[in-house]
Amino acid sequence: MQSPSSSRPGTTRRTTRVSAEARLATAGRREANAGAVLRAVLAHGPVARSTIARLTGLSPASMTGHCTDLIALGLLRDLPEQTRSNGLGRPHLPVDIDTARHVVGAVHIAVPHVTVAVLDLRGRVLTSRRIPHEATSAADTVRSAARQLLDLLRAYAEGAVPLGIGVACGGWVDQDTGTVVEHAMLGWKQVRVGELLGECTGLPVYVDSHARALLHGERLFGAARGARSVLHLFVGNVVEAAFALEDAAHYGPRSQAGVIAHLPLAGSAEPCPCGRIGCFQASVSERTLALRAGEIGIAAPDDFAALLTAARRGNAGAVDLLVERARLIGQGAAMLIDVFNPELVVVAEPAVRTLPSALAALRAEIASSSRIRIDTATRVVPSSFPGFTLAAAAGSAILDALYRNPLTVTPRRP
């Protein structure tokens with residue numbers, strides 16, 4: 001005789017669906033908990049297992065299981081036993097991030113060049129190479145970067161297995177599809193960078209915009225670690241912003257959040273390709289500053305690096321140009337601060353990092369222009385990656401995925 005439940009049509013199908021959803025939910029929790037363990041070790045390691053359990057709120061048994069899984073994957077390693085400082089109690093066996101068994105590749109696509117690099121799992125750049133744009137098409141540029149990156153992995157990985165490749169690029173970048181939807185300065189449209197790199201290398205590829213990738217890096221390895229809300233501003237040839245609340249960066253539909261190139265800046269008369277005057281990107285881009293430096297004889301009109309070098313050596317005209325740029329950046333940042341009121345603001349711009357007068361001008365402009373009164377000395381800081389900003393941005397695109405979902409970023413060889 002059939003039970004009442006079995007006699008109803010569709011019961012088995014509903015039960016199966018519920019069971020599948022339950023399994024997915026369990027897998028999702030397991031993935032999230034493993035990521036929490038890995039991030040706790042990144043922030044506090046070397047660290048005892050008991051401390052990890054306290055930091056994550058996981059039971060000792062659950063935490064031990066995750067540590068075992070992560071050690072088996074080569075993401076964590078056991079360290080020698082340490083006795084307690086007072087000599088009492090049982091020794092504890094600390095764990096730390098294993099930086100020897102795996103590396104990640106990085107591809108950063110800028111306007112004048114592509115940077116390829118190899119990073120360890122703590123976000124440290126092991127080696128990098130800069131490739132000027134010479135290819136005739138976007139696809140050729142990506143394939144050339146893939147070849148150069150594979151050369152670096154063979155030469156510098158020293159037996160470590162690459163987990164995958166991170167890519168950072170300016171313009172409109174759709175993270176979900178790994179596509180550069182539009183990059184006006186490069187003339188790229190609908191370039192499936194992730195797909196092309198994956199075909200060339202056989203590795204998983206994670207693609208993101210400059211600002212969001214650097215935001216991930218700052219939260220994992222830099223000044224924004226532990227901050228509840230972060231605004232990240234990237235200023236190069238391209239100007240972009242990214243915002244994170246708690247542990248999640250905001251992307252918006254098709255990853256279009258953070259497009260600030262056409263915010264209007266008061267006092268700027270710089271014409272923009274859009275037809276208006278005083279747009280944020282047109283006013284402060286490296287290309288604009290290099291042209292101004294060329295007009296007054298400080299450096300070649302296409303050499304922003306020479307302008308920056310002149311300022312560092314004390315050239316008054318170069319310093320004035322970069323301080324004024326920092327002031328304009330502060331004006332744009334103040335508008336964003338008024339919208340988001342972040343706990344921390346990180347600005348990735350080379351003069352702000354290296355010229356005290358530029359950082360002071362940035363902070364002073366934010367203080368005078370923002371309606372929100374913040375302590376700019378502690379809440380407005382330069383990038384944490386001097387000298388390796390581009391490589392760190394690209395590497396952070398995959399390292400963010402690793403520290404969120406360590407059980408699915410599977411070790412593979414190219």
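These numbers were taken from a predicted model, which means no experiment stands behind them.

1. Observations concerning the side chain of H108
- For H108, the position within the fold is in strand β4 (residues 102–109).
- Residue H108 is classed as buried on the basis of its relative accessible area of 1%.
- For H108, the side chain forms a polar contact with the side chain of H210, separated by 2.7 Å.
- Leaving out residues up to four positions away in the same chain, H108 has contacts with H113, V114, T115, A168, H210, L390, A393 and A394.

2. Quick word on the layout of surface pockets
- By volume, the largest pocket amounts to about 950 Å³.
- H113, R130, E286, F304 and L390 are, among the 38 residues lining the largest pocket, the residues nearest its centre.
- Ranked by the residues each element gives to the lining of the largest pocket, the list is headed by helix α10 (residues 304–312), at four residues.
- When the residues that make up the lining of the largest pocket are grouped by side-chain class, the tally is 18 nonpolar, twelve polar and eight charged.
- When residues of the lining of the second largest pocket are traced back to their parent elements, those giving at least two are β9 (179–183), β13 (239–245), α8 (280–284) and α9 (286–295).
- Among the elements that line the lining of the second largest pocket, the one with the most residues is α9, at three residues.
- Grouping the constituent residues of the lining of the second largest pocket by class yields 14 nonpolar, eight polar and four charged.

3. Observations regarding the packing of aromatic side chains
- Within this structure, the stated rule accounts for two aromatic pairs.
- Taking the centre distance of 6.3 Å and the plane angle of 80 degrees together, the rings of F221 and Y403 count as edge-to-face. Of this pair, F221 sits in helix α7 (residues 210–221) while Y403 is found in helix α15 (residues 389–404), placing the two residues 182 residues apart along the sequence.
- Note on F221: relative accessible area 18%, which makes it buried.

4. Let's talk about the nonpolar core
- Membership of the largest hydrophobic core comes to 53 residues, with the highest contact counts inside it found for L38, I52, I97, L121, L399, L402 and Y403.
- The element that contributes the greatest number of residues to this core is α15, accounting for ten residues.
- What L121 contacts, discounting residues up to four positions off in sequence, is L42, L75, I97, D98, H102, V104, L163, F221, L399, L402 and Y403.
- Listed in part, the 41 residues of the second largest apolar core include V239, L289, A299 and A358.

5. A look at the sheet that holds strand β15 (residues 344–348)
- Taken together, the five strands give an open sheet; going across it, the order is β14-β13-β12-β15-β16, and neighbouring strands pair in mixed fashion. The open sheet terminates on both sides in strands that have one partner only, identified here as β14 (248–249) and β16 (380–382).
- Looking at chain direction, strand β12 (residues 229–235) and β13 are connected through seven bridges and run antiparallel. Note that in β13 the partner of H232 across the bridge is A242.

6. Here we look at the pairing of strand β3 (residues 94–97)
- As paired elements, strand β1 (residues 47–48) and β3 share two bridges and run antiparallel to each other. Paired with A48 across the strands is P94, a residue of β3.
- Note: strand β2 (residues 76–78) against β3, three bridges, orientation antiparallel. Bridge pairing in β3 links R77 to D96.

7. Topic: empty space enclosed by the protein
- By the definition in use, this model includes one cavity of 30 Å³ or more.
- The volume enclosed by the largest cavity comes to roughly 70 Å³.
- In terms of lining residues, the largest cavity is bounded by G171, W172, V173, S209, R212, E240, A241, S255, A257, G258 and V259.
- Taken together, the elements giving at least two residues each to the lining of the largest cavity come down to β8 (172–174) and β13.
- Its residues assigned to classes, the lining of the largest cavity comprises five nonpolar, four polar and two charged.

8. A look at the sheet that holds strand β6 (residues 125–132)
- The five strands are arranged β6-β5-β4-β7-β11 in an open sheet whose pairing can be described as mixed. Two strands lie at the open edges of the sheet, namely β6 and β11 (205–209), each paired on one side alone. In this sheet, neighbouring strand axes are inclined to one another by 20 degrees on average, regardless of whether the strands run parallel or antiparallel.
- Those strands touched by α7 are β4, β7 (161–169) and β11, and its axis lies near 110 degrees from that of β11.

Reading the values: rules and limits
Residues numbered from 1 in each chain as written. Predicted model: local features only at pLDDT ≥ 70, side-chain atom pairs only at ≥ 80, totals over all residues. Heavy atoms only, no water. Helix = DSSP H or I, 4+ residues; strand = E, 2+ residues; numbered from the N terminus. Buried < 20%, exposed > 50% of the residue type's maximum accessible area, 1.4 Å probe, protein only. Polar contact = N/O pair within 3.5 Å; in protein donor to acceptor, adjacent residues only side chain to side chain. Contact = heavy atoms within 4.5 Å. 1 Å grid on protein atoms, 1.4 Å probe; cavity = no way out; pocket = protein on both sides within 12 Å on 5 of 7 lines; lining within 4 Å. Points joined across faces, edges and corners; volume = space filled by probe spheres on them. Nonpolar A, V, L, I, M, F, W, Y, C, P; charged D, E, K, R; others polar. Phe/Tyr/Trp six-rings, centres within 6.5 Å; stacked < 30°, edge-to-face > 60°. Core = buried A, V, L, I, M, F, W, Y, C linked by side-chain atoms within 4.5 Å. Pairing = 2+ DSSP bridges. Axes fitted to C-alpha atoms, helices over the stretch in contact; angles between N-to-C directions.

Keep in mind these values describe shape, not function.
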